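The residues making up each chain are set out below.
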Amino acid sequence: TAGLTYGITPGATQSRTGAAPASISVPENNSTYAYDPGTGTYTKNEEGRPMNDALINQPLHIQLLIVMHARETISNIVEDVGGGHGRDFDMESGGAAEFYFHGKMQIGHWASTSKEFPFVFPLDSGQTLTIPHNLVWVDVVAAVSHYSGVSRCPIDWCPHHPPPLADPSPAH
């Protein structure tokens, strides 16, 4: 895709680059993403239904998927008819992130230097990711569990944390 200024600097060492799974699941947001090597993009399903571009009524094609982990608090504002409270994400303190691009995954972080400037995305390899002007999707997920206070990644495969230990409490 010539002419776009995004991705990793050509020729740079990418210490933690690897093939991403063919399907990426973000259960916290009821979302799955499937990579299509023919188009070099990801499609998105939400609650089992494909997400379409409303303007052209065609499947959404995502070239760069970013999963940003942010601190979350539950607000006292009821936001739905079922009584669910709002989720407030701290979008100023930074956090872990995964970047999916052309079937590859990069691990890094996101940071906010100020409200007036865009996020920055330093990769664990030491490079900084630059973002295209289109075909980007960001999924924000909680960095800390509501109940246990334990850091977690809500995606199926998590590069930041080992799988949780079995509950040591006796069965009742």
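Scroll up a little and you will see the structure.
Residues numbered from 1 in each chain as written. Predicted model: local features only at pLDDT ≥ 70, side-chain atom pairs only at ≥ 80, totals over all residues. Heavy atoms only, no water.

All right, on to the overall build of the protein then. Of regular secondary structure, the protein possesses zero helices and 15 strands. The long-range share in the protein, meaning contacts at least 24 apart out of those at least 6 apart in sequence, stands at 54%. Accessible surface, the protein as shown: approximately 10,500 Å² in total, 57% of it carbon and sulfur. (Helix = DSSP H or I, 4+ residues; strand = E, 2+ residues; numbered from the N terminus. Contact = heavy atoms within 4.5 Å. Areas by Shrake-Rupley, 256 points an atom, 1.4 Å probe, with all protein chains shown as cover.)

It is worth spelling out the sheet that holds strand 2 (residues 23–26) at this point. Across a sheet, paired strands are connected by hydrogen bonds in the backbone, their directions being either parallel or antiparallel. What the four strands build is an open sheet, ordered 2-3-4-5; its pairing is antiparallel. This sheet does not close on itself; its edge strands, each paired only once, are strand 2 and strand 5 (49–50). Taken together, the four bridges between strand 2 and strand 3 (residues 31–36) define a ladder with antiparallel strand orientation. Looking at the pairing, Ser 25 lines up with Thr 32 of strand 3. (Pairing = 2+ DSSP bridges.)

In globular proteins that are soluble, nonpolar side chains generally tend to be buried together. Formed by Ile 24, Val 26, Tyr 33, Tyr 42, Leu 60, Ile 62, Leu 65, Val 67, Tyr 100, Met 105, Ile 107 and Val 141, the largest nonpolar core amounts to 12 residues. Among the elements of the structure, strand 2, strand 8 (64–70) and strand 12 (104–110) are those that each provide at least two residues to this core. Judged by nonpolar contacts, the second largest core, of 11 residues, contains Leu 64, Ile 66, Met 68 and Phe 121. (Core = buried A, V, L, I, M, F, W, Y, C linked by side-chain atoms within 4.5 Å. Buried < 20%, exposed > 50% of the residue type's maximum accessible area, 1.4 Å probe, protein only.)

On to the packing of aromatic side chains, then. Across all of its chains, the model carries four aromatic pairs by this definition. Note on Tyr 35 and Tyr 42: the rings are 4.9 Å apart at their centroids and 50 degrees apart in plane angle, and the pair reads as tilted. What makes Tyr 42 buried here is its relative accessible area of 0%. In this structure an aromatic cluster arises from ring pairing among Phe 99, Trp 110, Phe 119 and Phe 121. (Phe/Tyr/Trp six-rings, centres within 6.5 Å; stacked < 30°, edge-to-face > 60°.)

Right, let's get into the pattern of salt bridges. Applying the stated criterion across every chain yields a total of six salt bridges. Between Arg 49 and Glu 47 there is a salt bridge, with the nearest N and O atoms lying 3.5 Å from each other. Here Asp 90 and Arg 71 are joined by a salt bridge, their closest N and O atoms 2.6 Å apart. One end of the pair, Asp 90, is in the loop between strand 10 (85–89) and strand 11 (95–101); the other, Arg 71, is in the loop between strand 8 and strand 9 (72–78), and 19 residues separate them in sequence. Look at the salt bridges and you will find they share partners, linking Glu 28, Glu 72 and Arg 87 into a network. (Salt bridge = Lys/Arg side-chain N within 4 Å of Asp/Glu carboxyl O.)

With that out of the way, let us pick up unusual backbone geometry. Backbone geometry at Glu 47 places phi at a positive 55 degrees, although glycine is not the residue there. The exposed category is assigned to Glu 47, whose relative accessible area is 51%. A positive phi angle is found at Leu 135, which is not glycine, with a value near 60 degrees. Along the chain, Leu 135 falls in the loop between strand 14 (128–129) and strand 15 (136–142).

Along the chain, Leu 60 falls in the loop between strand 7 (58–59) and strand 8. Residue Leu 60 is classed as buried on the basis of its relative accessible area, which comes to 15%. Taking the C-alpha atoms as reference, Leu 60 lies 8.0 Å from Tyr 42; in sequence the two are 18 residues apart.

Residues in a regular strand point their side chains to alternate faces of the sheet. Most of strand 12 is tucked away: five of the seven residues are buried. Taken together, the seven bridges between strand 11 and strand 12 define a ladder with antiparallel strand orientation. Among the inter-strand pairings, Ala 96 is bridged to a residue of strand 12, identified as His 109. Hairpin connection between strand 11 and strand 12: a loop of two residues separates the two successive antiparallel strands, and His 102 in this loop has a positive phi of roughly 50 degrees.

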